[in-house]
Amino acid sequence: YFTPKSTSITPGKVWDIRMTDAKLLETNFVYFNKTQRATDRFFDPDYMSFAKINAELDSVIIGEPWFGARLMNVSFKERSGLEVVNGSLNALVDGRHMLFANMLIKTPKSVLGDQVELRYSSMKDFADVFHKVIFDFRISKSSLAVEELLAFHPWFEGRSLPTFVNAHAVGTMARLEVPSFL
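The notes below deal with the structure included here. (Residues numbered from 1 in each chain as written. Predicted model: local features only at pLDDT ≥ 70, side-chain atom pairs only at ≥ 80, totals over all residues. Heavy atoms only, no water.)

**A few points about the side chain of histidine 97**
Under the convention used in this document: The helix and strand labels rest on DSSP assignments: H or I over at least four residues marks a helix, E over at least two residues marks a strand, and numbering proceeds from the N terminus. Accessibility here uses a 1.4 Å probe with only protein chains present; expressed as a share of the type maximum, an area under 20% marks a residue as buried, one over 50% as exposed, and anything in between as partly exposed.
Its place among the elements puts histidine 97 in strand S6 (residues 97-106). Judged by its relative accessible area of 17%, histidine 97 falls in the buried class.

Spelled out as structure tokens, the structure:
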């Protein structure tokens, strides 16, 4: 089914599944990259565990591109403490990139908006997400509560500062460049 069309073993046209409405209710999702060691309590893209995922999906496409949908009323909690209480975005995922556009993500103390794109040669690049996946963050008209960054690093513990953000950052996580930050 997921074999490229150019091979002789492809069973004809890949299916396209389309849905006008779908819902995720109290769903859990765990991703663990067995080639890496799990880290401590902080967010780790090699060990993600999302609980109580809720979302309403509209205009869902599964097939080509691999996945596309408009998501609304998104909420979840990740094992690091990262929590989304309400969100909306357009998502597109294929073999070379993930695009999350028209985002409005609300956490208990922050509001983040605009767009995040991940670019990669193949899904195998996620085995070394820090060095091979290029992130392109475009954040605008956002308010960020610095203490919520504790999910990513212990330095933020005990720090409480609301920050208004307009920023653009691009690169791998190992070499992220921030050409604009206001």
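There is more to say, and it comes next.
**Points about the environment of glutamate 147**
Counted only if it meets this: Every residue pair with non-hydrogen atoms within 4.5 Å of one another is taken to be in contact. What qualifies as a polar contact is a pair of N or O atoms within 3.5 Å, subject to a donor-acceptor requirement within protein and to the restriction that residues adjacent in sequence count only when both atoms come from side chains.
Mapping glutamate 147 onto the fold places it in the loop between strand S8 (134-145) and strand S9 (162-171). Residues within four places of glutamate 147 in sequence aside, it is in contact with Lys109, Phe156, Arg159, Ser160 and Leu161. At 3.2 Å, the side chain of glutamate 147 forms a polar contact with the side chain of lysine 109.

**Brief notes about the packing of aromatic side chains**
One pair of aromatic rings is described through two measures. These are the centre distance and the angle between the planes. Our working rule: Each pair of aromatic rings taken from Phe, Tyr and Trp, with Trp reduced to its six-membered ring, is defined by centres within 6.5 Å and is described as stacked if the planes are under 30 degrees apart, edge-to-face if over 60, and tilted in the remaining cases.
Tallied over the entire structure, the rule returns five aromatic pairs. Judged by centre distance (6.4 Å) and plane angle (35 degrees), the ring pair of phenylalanine 29 and phenylalanine 50 falls under tilted. Of this pair, phenylalanine 29 sits in strand S1 (residues 17-32) while phenylalanine 50 sits in strand S2 (residues 47-62), and the two are 21 residues apart along the sequence. For phenylalanine 29, a relative accessible area of 43% puts it in the partly exposed group. On the basis of an interplanar angle of 90 degrees and a centroid distance of 5.1 Å, the ring pair of tryptophan 155 and phenylalanine 156 is categorised as edge-to-face. On the basis of relative accessible area, tryptophan 155 is assigned to the partly exposed category, the value being 48%. What links up through ring pairs into an aromatic cluster is the set Phe29, Phe50 and Phe76.

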